[in-house]
Amino acid sequence: MAYSPMTARSRDEDHRAATSLELFFDLCFVVAIAQAGARLVHALAEGHPGTGVIGYFFVFFGVWWAWMNFTWFASAYDVDDVPYRIATLVQIAGVLVYAAGVSQAFDENDWTVAVIGYLIMRVALTAQWLRAAAGESGPARATALKYAAGLVICQAAWVALLFAPDDAKRWLFLVVAAAELAVPVIAERGHQTPWHAHHIVERYGLFTIIVLGETIAASTVAVQSAINEHEALGELLPIAGGGLLIVFAAWWIYFAVPMHEHLTSNREAIPWGYGHLLIFASGAAIGAGIEVAVEHSVGKAHISQLSANASVTVPSALFLLMVWLLHSRHFKHGLAQQLTLPLSALAILACTWTGTYAVLFAGLVATATVAIGVTLATRSSADV
């Protein structure tokens, strides 16, 4: 449609699914995620894990929060008319500008280009919330206006951050990030936007596939370049095989439960949605870790074997632990089922000290985790 009044969609809408525009929007984040992962690989391979992880977290926060803002708004107010599509196009342009500024933000703590990208996204999103307010009344209108005001205030803070002293920027970043996280909590107090539980869970699942897909792509390129330059097939096969097992197990475990049944209100949805920052970031970091392990195996990374192993095992363990905390524990019955993922995360961490076969062993642990989970779930269903 050329134009449609922007009114709230029903939370009980049947067969609600992601649109092709939402899928296209997600693909534009691939560039930003790849940029963040590449900078993390460089930092870890050069032996700077502290600055690398901090820089990666800050950059990834921007990627994740931009995606969050669009996704939850679309779940409540997507009318898919021409103005809505144009506003989404503007947000996509902002995402690409942000991605172009990732390397400067990561390496030089220069956020100018990244903030400009955010400014572009925020202009479009603020217009969307004002449009939603125009189509609403009462508490729903007040909520939409609070969102718009919150976006403007936070964006002004990001612009002001550019003029702060360099040594204070990262601390002030945390303050502004906390303000960003507070906007939905404040805006939805008294009235909950009509997001659709099944739609939101699907959208998060699709983004999880994107970050895991980035992991496969990054590790494939790393192995290919290493083989072409060094022909170190014997050293690379265990890393490639173990990495594939980890990623496949991560996919299996994440999608093992019907999460939409748990999201009934903001009380469950906000912690679940915010917690996915660590799921997405760790999922993408697995690929960066595999790249580092590959570089170490062919002598390119200036780090110890233990550090190279940890670059894979730490994000893998974090992914499993966060999936258990946010997803699985709500659907597990009995101590054995509840302990499977936490113990698996500890076992994967223990693989860090197993030398050159650490990634392969971690992959086997992840595979065993899936097998144990399926067996316990089958027995539980049979007992019922």
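Report on the accompanying structure. This one's a predicted model, so the numbers in the text were calculated from it and none came from an experiment. Each chain has its residues counted from 1, following the order in which its sequence is written. It should be noted that, the model being predicted, local features are given only for residues of pLDDT at least 70 and side-chain atom pairs only at 80 or more, the latter also being counted only at that level, while totals for whole chains, interfaces and linings use all residues. Processing note: side-chain calculations cover all non-hydrogen atoms of the structure and skip hydrogens and water entirely.

Thoughts on a nonpolar patch on the surface
Together, I209, F248, W251, W252, F255 and V374 give the surface a local cluster of nonpolar side chains, amounting to about 560 Å² of exposed area. The leading source of residues in the nonpolar patch is helix α10 (residues 233–254), at 3 residues. Under the DSSP-based scheme used, a helix requires at least four consecutive residues in state H or I and a strand at least two consecutive residues in state E, with every element numbered from the N terminus. In this fold, V374 is placed in helix α14 (residues 358–383). Patch membership requires over 30% relative accessible area and the absence of a salt bridge. Like charges are linked within 9 Å, and nonpolar side chains (Val, Leu, Ile, Met, Phe, Trp, Tyr) within 5 Å. Throughout, the Shrake-Rupley method with a 1.4 Å probe supplies accessible areas, and for residues the shown protein chains are the sole cover considered. Salt-bridge detection follows one rule: a side-chain nitrogen of Lys or Arg within 4 Å of a carboxyl oxygen of Asp or Glu.

Focus: the side chain of R122
Counting through the fold element by element, R122 comes out in helix α6 (residues 112–135). Here the term buried applies to any residue with accessible area under 20% of the maximum for its type, exposed to any over 50%, and partly exposed to those in between, with areas from a 1.4 Å probe on protein chains only. A relative accessible area of 4% means that R122 is categorised as buried. Contact definition: two residues touch when any of their heavy atoms are within 4.5 Å. Not counting the four nearest positions on each side in its chain, R122 is found in contact with W65, N69, L151, C154, Q155 and E180.

Some points on the environment of H42
Counting through the fold element by element, H42 comes out in helix α2 (residues 29–45). In this structure H42 comes out as partly exposed when scored by relative accessible area, which is 44%. Expressed as a C-alpha distance, the spacing of H42 and E291, which sit 249 residues apart in the sequence, is 9.5 Å.

Quick notes on empty space enclosed by the protein
Space inside and on the surface of the protein is sampled on a 1 Å grid over the protein atoms alone, with a cavity defined as a set of points where a 1.4 Å probe fits but cannot get out and a pocket as an open set with protein on both sides within 12 Å along at least 5 of 7 lines; lining residues have an atom within 4 Å of a point. Grid points are joined across faces, edges and corners, and a volume is the space filled by probe spheres set on the points. Counted by the stated rule, this structure contains 4 cavities of 30 Å³ or more. By volume, the largest cavity amounts to about 290 Å³. Lining of the largest cavity is provided by 23 residues; of these, M68, W72, Y147, P184 and E188 occupy positions nearest its centre. Elements supplying a minimum of two residues to the lining of the largest cavity: α3 (49–77), α6, α7 (138–161), α8 (166–187) and α11 (266–297). Charged residues are taken to be Asp, Glu, Lys and Arg, nonpolar residues to be Ala, Val, Leu, Ile, Met, Phe, Trp, Tyr, Cys and Pro, and polar residues to be all remaining types, Gly included. Of the residues that constitute the lining of the largest cavity, the class distribution is 15 nonpolar, 5 polar and 3 charged. The computed volume of the second largest cavity comes to approximately 110 Å³.

Quick look at the pattern of salt bridges
Pairing between side chains of opposite charge can happen when their charged atoms approach one another. All chains considered together, the criterion is met by 8 salt bridges. In this structure, the salt-bridge partner of D26 is R203, at a minimum N-O distance of 2.5 Å. Separated by 177 residues along the polypeptide, D26 in helix α1 (residues 20–27) and R203 in helix α9 (residues 197–230) bring together distant segments of the chain. Neither D26 nor R203 differs from the other in exposure class; each is buried.

Some details on α2
How far a helix is expected to stretch is found by multiplying one less than its residue total by 1.5 Å. Over its 17 residues, α2 runs 24 Å from end to end, which matches the ideal 24 Å to within 8%, given 1.5 Å per residue. Every buried residue of α2 is accounted for by F29, A32, I33, A36, G37, L40, V41, A43, L44 and A45. Following α2 by one or two positions, G47 adopts a phi angle in the positive range, close to 80°.

Looking at unusual backbone geometry
The backbone phi angle of D80 is positive, close to 55°, even though this residue is not glycine. Its location among the elements puts D80 in the loop between α3 and α4 (82–100). Here D80 falls in the partly exposed class, since its relative accessible area comes to 29%. Of note, the phi angle at N109 is positive, near 55°, even though the residue is not glycine. By the secondary structure assignment, N109 is in the loop between α5 (102–108) and α6. By relative accessible area, N109 is classed as buried at 12%.

What about the packing of aromatic side chains?
For Phe, Tyr and Trp, rings pair up if their centres lie within 6.5 Å, where Trp contributes its six-membered ring, and each pair is then called stacked (planes under 30 degrees apart), edge-to-face (over 60) or tilted (otherwise). In this structure the tally under the stated criterion is 33 aromatic pairs. Where F57 meets F58, the ring centres are 6.2 Å apart and the plane angle is 55°; that geometry is what we call tilted. Note on F57: relative accessible area 31%, which makes it partly exposed. What makes F58 buried here is its relative accessible area of 5%. Between F207 and F280 the ring centres are 4.8 Å apart and the planes differ by 65°, which places this aromatic pair in the edge-to-face class.

Notes on the nonpolar core
Note on terminology: a nonpolar core comprises buried Ala, Val, Leu, Ile, Met, Phe, Trp, Tyr and Cys residues joined through side-chain atoms within 4.5 Å. The biggest cluster of nonpolar side chains holds 117 residues, and the ones touching the most others in it are F60 and W129. The dominant element in this core, judged by the number of residues it contributes, is α3, at 17 residues. Residues contacting F60, with those up to four places away along its chain left out, are I33, V211, L277, F280, A281 and A284.

Fair warning: the whole summary comes from geometry, so function is off the table for now.
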